[in-house]
Amino acid sequence: MARNHDEYIHHLFGNEDEALQSVNESIRKNGMPAISVKPEVGRFLSLLVSIAKPRNIMEIGALGGYSGIMLASALDKEGSLTSLELEEAYANVAKDNLNRAGLGDKVKYVIGPALQNMDSLHSAGQQYDFFFIDADKINYPNYFQAALKLATPGAVIVADNTLQGDNVFDENVTTAHVTAIREFNEQVATDERVEAMLLPLCDGLTICRVKP
Ligand SMILES: C[S@@+](CC[C@H](N)C(=O)[O-])C[C@H]1O[C@@H](n2cnc3c(N)ncnc32)[C@H](O)[C@@H]1O
């Protein structure tokens, strides 16, 4: 019996198919950190992609490809995923996992610091209509600003871990990453270019829509 809403939601929506289980297994085997999105967050990402029907998704933080599979599997035939990852070795694991899931032709990995690569992609005239921010927390405010530059009108920007284990509303917690997420939350709540909401799903999921 579930003891709280998180356990209840996990019980109902937290099941994983073989492809997702094998992502977690490959992460463990390769000694990578076990910090993929929770299955219910992944499922919600798929749902958002099915609703928004983006053509070009940008993911910031690939790790082993768990969220990449959830995003890419919900894309229409013509849709594509550009995934930004600092660590080449992680991107290679993610690529293998997306290939195994039959999604390899939908994804392209861009290796290196995401902010720099977002800048280069902007200079190259690239645009995206869906963003998933899930990399280093300290850069969330910068990723939000960079995403706004790369966004088409009506684009969706989603960010994970925006409650930081409820530390965001504990004034006594002033660590750099919690302070950065607080700043990000304040930005999205007040920036008139977007409509936004923070949902208390797992560790907090923020969803914004860039006003057309
Ligand atoms: C929480 S994990 C991503 C999990 C992934 N979204 C998933 O659910 O499958 C964060 C990832 O961001 C990457 N990362 C950290 N700093 C980065 C940076 N400056 N630029 C690009 N990626 C970065 C890490 O290497 C790590 O793979």
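Visitor: Which residues make up the site of the ligand, and what are the values?
Guide: Residues in contact with the ligand amount to 19 residues; listed here are only the nearest, Val37, Gly61, Ser67, Glu85 and Asp134. Within the side chain of Ser67, one N or O atom sits 2.8 Å away from a nitrogen atom of the ligand. For the ligand, a nitrogen atom lies 3.4 Å from a polar atom in the side chain of Asp136. Bound to the protein, the ligand loses 90% of the 600 Å² it would expose on its own. In this structure the site holding the ligand corresponds to the largest pocket.

Visitor: I'd like to hear about the pairing of strand S4 (residues 128–133), residue by residue, with values.
Guide: Most of S4 sits out of view: six of its six residues are buried. Bridging between S4 and strand S5 (residues 151–160) involves five bridges; their strand directions are parallel. When the bridges of S5 are listed, Tyr128 appears paired with Ala151. In this region the chain leaves S4, passes through helix H7 (residues 140–150) and returns to the parallel neighbour S5; the handedness of that crossover is right-handed.

Visitor: Could you give an account of the layout of surface pockets, with specific residues and numbers?
Guide: In this model, the largest pocket occupies a volume close to 620 Å³. As for the largest pocket, its lining consists of 34 residues, and the residues nearest its centre are Ile35, Asp134, Ala135, Asp136 and Lys137. Among the secondary structure elements, those contributing two or more residues to the lining of the largest pocket are helix H4 (66–72), strand S2 (80–85) and helix H6 (114–123). The residue inventory of the lining of the largest pocket, partitioned by class, reads 18 nonpolar, eight polar and eight charged.

Visitor: Any chance you could break down H6 for me, citing the residues and the numbers?
Guide: Within H6, burial applies to Ala114, Asn117, Met118 and Leu121. End-on view of H6: buried residues confined to an arc of 105°, all on one side of the axis. Every exposed residue of H6 that faces more than 90 degrees away from the buried side is listed here: Gln116 and Ser123. The inward-facing, buried residues of H6 contact strand S1 (56–60), S2, strand S3 (107–111), S4 and H7. The positive-phi residue at the C-terminal boundary of H6 is Gly125, with phi of around 80°.

The rules we used
- Residues numbered from 1 in each chain as written.
- Predicted model: local features only at pLDDT ≥ 70, side-chain atom pairs only at ≥ 80, totals over all residues.
- Heavy atoms only, no water.
- Near = heavy atom within 4 Å.
- Polar contact = N/O pair within 3.5 Å; in protein donor to acceptor, adjacent residues only side chain to side chain.
- Areas by Shrake-Rupley, 256 points an atom, 1.4 Å probe, with all protein chains shown as cover.
- 1 Å grid on protein atoms, 1.4 Å probe; cavity = no way out; pocket = protein on both sides within 12 Å on 5 of 7 lines; lining within 4 Å.
- Sits in = over half its atoms within 2 Å of the grid points.
- Buried < 20%, exposed > 50% of the residue type's maximum accessible area, 1.4 Å probe, protein only.
- Helix = DSSP H or I, 4+ residues; strand = E, 2+ residues; numbered from the N terminus.
- Pairing = 2+ DSSP bridges.
- Right-handed = clockwise from strand over helix to strand, strands pointing away.
- Points joined across faces, edges and corners; volume = space filled by probe spheres on them.
- Nonpolar A, V, L, I, M, F, W, Y, C, P; charged D, E, K, R; others polar.
- Arc of directions from axis to C-beta.
- Contact = heavy atoms within 4.5 Å.

These figures come from the coordinates and say nothing about function on their own.
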